[in-house]
Amino acid sequence: MFKISIYRRWLQTLKESIHLSQANIALRVNADMLILYWYIGNQLDEKIERELWGARVVDQLSEDLQNSFPDMKGFSRRNLMYMKQFATLWPDMLIVQQAAAQLKKSTKSAIVQQAAAQLGQMTFSVQNPDLIRIPWGHHMLLIDKELSSDELNWFIQKTIENNWSRTALRYQVETDLYARQQKNKKSSNFHLTLPENQSVLANQILKDPYVFGFLQMDEQRNELDMERQLIEHIQEFLIELGAGFAFVGRQVKIKAGKKDYRVDLLFYHIFLRCFIVIDLKADEFAFEHAGKMNGYLNIINKQFRQEYDNPSIGIILCASKDRIEVDFALTNIDQPIGVSEYKFIKMLPQRLRTKIPTAKELQTEVQKFLRQQSKKKNSKPSK
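Figured I'd write up the structure that's included with this text.

Calculation criteria
Residues numbered from 1 in each chain as written. Predicted model: local features only at pLDDT ≥ 70, side-chain atom pairs only at ≥ 80, totals over all residues. Heavy atoms only, no water. Helix = DSSP H or I, 4+ residues; strand = E, 2+ residues; numbered from the N terminus. Phe/Tyr/Trp six-rings, centres within 6.5 Å; stacked < 30°, edge-to-face > 60°. Buried < 20%, exposed > 50% of the residue type's maximum accessible area, 1.4 Å probe, protein only. Pairing = 2+ DSSP bridges. Expected span 1.5 Å × (residues − 1). Arc of directions from axis to C-beta. Patch = residues over 30% accessible without salt bridge, like charges linked within 9 Å, V, L, I, M, F, W, Y side chains within 5 Å. Areas by Shrake-Rupley, 256 points an atom, 1.4 Å probe, with all protein chains shown as cover. Salt bridge = Lys/Arg side-chain N within 4 Å of Asp/Glu carboxyl O. Contact = heavy atoms within 4.5 Å. Axes fitted to C-alpha atoms, helices over the stretch in contact; angles between N-to-C directions. Lys, Arg positive; Asp, Glu negative; His and termini not counted. Charge placed at Lys NZ, Arg CZ, Asp CG, Glu CD. Parallel < 35°, antiparallel > 145°, perpendicular 65-115°, else oblique. Left-handed = near helix turned anticlockwise from the far one by under 90°. Nonpolar A, V, L, I, M, F, W, Y, C, P; charged D, E, K, R; others polar.

**Re the environment of Gln306**
Tracing the chain through its elements places Gln306 in the loop between helix H13 (287–303) and strand S8 (313–318). When the C-alpha positions of Gln306 and Cys274 are compared, they lie 9.2 Å apart, and in sequence the two are 32 residues distant.

The following block contains the structure:
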């Protein structure tokens, strides 16, 4: 007779192995599909652009492929055009694999470390394996956004690191996360207060500004109400904060001598292996905010930090800030502190921003409409 406890542990091990196998199979299927799509797109680009067959060949190819492979999806005209754009965007994604003898000669060759793929009788080397690690739908979204090569590579890498769904990726692109994380390096003292490897990671988690599209705030901003809403929408809040944040508590009591203080929001970051204190400010940044955060971090390090934890990090979220003032406030402070702004309203995608009329344009249009209505009224014959 076997013991039920031993059986359950064995069953759990088997289930984990099956889940891992399913995930690996899904990754291989996705990789094979992307390689096929790149190849078809590359062929289309060659026929249309180099051999001047014209764009009409796409319609014919779509019809013929759908007839030949009725059980396969993805051969619509629209998808074929995405394949062409995909291949154009990454012209060197695949290269013909070198002979095995040649590969062994050059251990420094990047090809040695790359994944190999077969398509029919041809063997290819995948130049950038990250490209075949995210789903086709993510690639379509990135193609539509017309991003720079640096932005594309950055978003692909972050998608892999954070396991973003297509919805999460769209949100991060449309709220301009790339620019917000490039901006943050000027609003912290991480490079002066943390070891280099931790400083790099800390700068990667800091955004400027944070975008809280789920908040409903009027002009009478209240820090406690804002804090309450953030906790009520903790899932959206954690998505905006980024991967690795684990919520510890709200209004966490800490003690310094005979006085009690309360930390607005306390998190633990599993990758940085440290506590992160977030202090919410309804108004613009002020010098005293840095001093207060410095004190909070000293207490957290004394009362919460364990021997295996890294130094705690503070993030001050404020409605606005002056970068020069932030720089002076953080000078000579030994604790790692970052200062970021937040926005209540979700930013519009770049492609829509120029299409939204300004307040002055709206006023002009309203006045124009009223004048037209007045003219119509005056031109009516009297009865």
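**Considering the packing of aromatic side chains**
Counted according to the given criterion, the structure contains 10 aromatic pairs. When the ring of Trp154 is compared with that of Phe155, the centres are 5.1 Å apart and the planes differ by 85°; the resulting orientation is edge-to-face. By relative accessible area, Trp154 is classed as buried at 16%. Note on Trp154 and Tyr178: the rings are 5.5 Å apart at their centroids and 80° apart in plane angle, and the pair reads as edge-to-face. Separated by 24 residues along the polypeptide, Trp154 in helix H6 (residues 149–162) and Tyr178 in helix H8 (residues 177–183) bring together distant segments of the chain. For the residue pair Trp154 and Tyr178, the accessibility class agrees, reading buried in each case.

**Overview of the pairing of strand S5 (residues 245–256)**
Where a strand is regular, its side chains alternate between the two sheet faces. Inspection of the sheet shows S5 paired to strand S6 (residues 259–269) by 10 bridges, in the antiparallel sense. Its bridge partner being in S6, Phe245 is matched across the sheet by His269. Counted along the chain from S5 to the antiparallel partner S6, the turn is 2 residues long, and its residue Gly257 has a positive phi close to 65°.

**Some details on helix H2 (residues 56–68)**
Along its 13 residues, H2 runs 19 Å from first to last C-alpha, staying within 8% of the 18 Å computed at 1.5 Å per residue. Within the span of H2, buried status applies to Val57, Val58, Ser62 and Leu65. In an axial view of H2, the angular spread of the buried residues amounts to 135°, which keeps them on one side of the axis. Projecting away from the buried face of H2 at angles above 90 degrees are the exposed residues Arg56 and Asn67.

**A closer look at unusual backbone geometry**
Phi at Asn163 takes a positive value of approximately 55°, unusual for a residue other than glycine. Checked against the element boundaries, Asn163 lands in the loop between H6 and helix H7 (166–174). Located in the positive-phi region is Asn332, a residue other than glycine, with phi close to 70°. With respect to the helices, strands and loops of the structure, Asn332 is situated in the loop between helix H14 (323–330) and strand S9 (337–343).

**Overview of helix H5 (residues 136–145)**
In terms of residue burial, H5 counts as a mostly covered element, since 9 of its 10 residues are buried. Listing the buried residues of H5 in full gives Trp136, Gly137, His138, His139, Met140, Leu141, Leu142, Ile143 and Lys145.

**Details of a nonpolar patch on the surface**
Taken together, Phe287, Ile324 and Phe328 make up a surface patch of nonpolar side chains, about 360 Å² in accessible area. If you trace the backbone, Phe287 turns up in helix H13. Taking the relative accessible area as the measure of exposure, Phe287 reaches 47% and is therefore partly exposed.

**A few points about the sheet that holds S5**
Pairing in this open sheet of 6 strands is mixed, and the strands run S4-S9-S8-S7-S6-S5 from one edge to the other. What marks the edges here is a single partner per strand, and that holds for strand S4 (210–211) and S5. With respect to the sheet, helix H10 (residues 196–205) is in contact with S4, S5, S6, strand S7 (274–280) and S8, its orientation differing from that of S7 by roughly 35°. In this fold helix H11 (residues 223–232) packs onto S5, S6, S7 and S9, with an angle of close to 145° to the strand it touches most, S5.

**Some thoughts on a negative patch on the surface**
A cluster of like negative charges, contributed by Glu223, Asp283, Glu284 and Asp322, occupies part of the molecular surface. Among the secondary structure elements, Asp283 is positioned in the loop between S7 and H13. Take Asp283: its relative accessible area is 55%, and that puts it in the exposed class.

**Side note on the pattern of salt bridges**
This structure, assessed with the given rule, holds 11 salt bridges. Among the ionic contacts, a cluster of salt bridges with common partners joins Asp45, Glu46, Glu49, Arg50 and Lys84.

**Regarding the pairing of S6**
With 5 bridges joining them, S6 and S7 adopt antiparallel strand pairing. Bridged to Tyr268 within S7 is Phe275. The loop that links S6 with its antiparallel partner S7 comprises 4 residues; one of these, Arg273, has a positive phi angle of about 55°.

**Observations concerning the packing of H5 against H7**
Two measures define how a pair of helices packs: the angle their axes make with one another and the distance between the axes. Where H5 contacts H7, the two axes come as close as 10 Å, and the packing angle between them is 20°. Between H5 and H7, the angle is such that the two are roughly parallel. At the point where H5 passes H7, the crossing takes the right-handed sense. Here Gly137, His138, Leu141, Leu142 and Lys145 of H5 come into contact with H7, specifically with Arg166, Leu169, Arg170, Val173 and Glu174. Looking at the contact of H5 with H7, its residues break down into 4 nonpolar, 2 polar and 4 charged.

What is shown is where atoms sit, not what they do.
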